[in-house]
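# Observations on the model geometry
Each chain, letter by letter, is given below.
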Amino acid sequence: MGPMLLVPILFALAQADRPVVVLDREDLEISRSCVLRVPAGRIFADPEGDGVVRIVADDVVVVMEEGSVLRGAAPGTPLD
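Structure report, in brief. (Residues numbered from 1 in each chain as written. Predicted model: local features only at pLDDT ≥ 70, side-chain atom pairs only at ≥ 80, totals over all residues. Heavy atoms only, no water.)

### Observations regarding the overall build of the protein chain
Looking only at helices and strands, the protein chain has one helix and five strands in total. In sequence order, the secondary structure elements of the protein chain are arranged as α-β-β-β-β-β. For the protein chain, buried positions account for 18% of its 80 residues. Of all intrachain contacts in the protein chain linking residues separated by at least 6 positions in sequence, the fraction that spans at least 24 positions is 58%. (Helix = DSSP H or I, 4+ residues; strand = E, 2+ residues; numbered from the N terminus. Buried < 20%, exposed > 50% of the residue type's maximum accessible area, 1.4 Å probe, protein only. Contact = heavy atoms within 4.5 Å.)

Laid out in structure tokens, this is it:
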């Protein structure tokens, strides 16, 4: 089996047995391994600059759900 065939299998294994956490606000604290779902089109600006998602425990693995995009500004916005 070639490496490109293994990628989807490894991605699915990484998500197995992990709860899905929906990013619905900034300053979201995550304390256990999970799959992070970012709703389509959502933008999280993080005006305080302290992180939209905070990992608050050791040995936590967060896997982004396929198709999730974490954005701090709308596409096309100039970098600051």
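We are not done yet, so read on.
### Quick look at the pattern of salt bridges
Within this structure, the stated rule accounts for five salt bridges. Two residues, R25 and D24, come together in a salt bridge whose shortest N-O distance is 2.6 Å. Judged by relative accessible area, which is 44%, R25 ranks as partly exposed. Classification of D24 by relative accessible area gives partly exposed; the value is 42%. Of the charged contacts, one joins D50 and R54 as a salt bridge, the two residues approaching to 2.4 Å between their closest N and O atoms. Residue R54 is classed as partly exposed on the basis of its relative accessible area of 23%. Among the ionic contacts, a cluster of salt bridges with common partners joins D27, E29, D50 and R54. (Salt bridge = Lys/Arg side-chain N within 4 Å of Asp/Glu carboxyl O.)

### Side note on the environment of S33
By secondary structure assignment, the location of S33 is in the loop between β2 (28–30) and β3 (34–37). Note: C-alpha distance between S33 and D58 (25 residues apart in sequence) is 9.7 Å. Setting aside its immediate chain neighbours within four residues, S33 contacts R18, P19, D59, V60 and V61. Within the structure, the side chain of S33 is placed 2.9 Å from the backbone nitrogen of V61, a separation counted as a polar contact. (Polar contact = N/O pair within 3.5 Å; in protein donor to acceptor, adjacent residues only side chain to side chain.)

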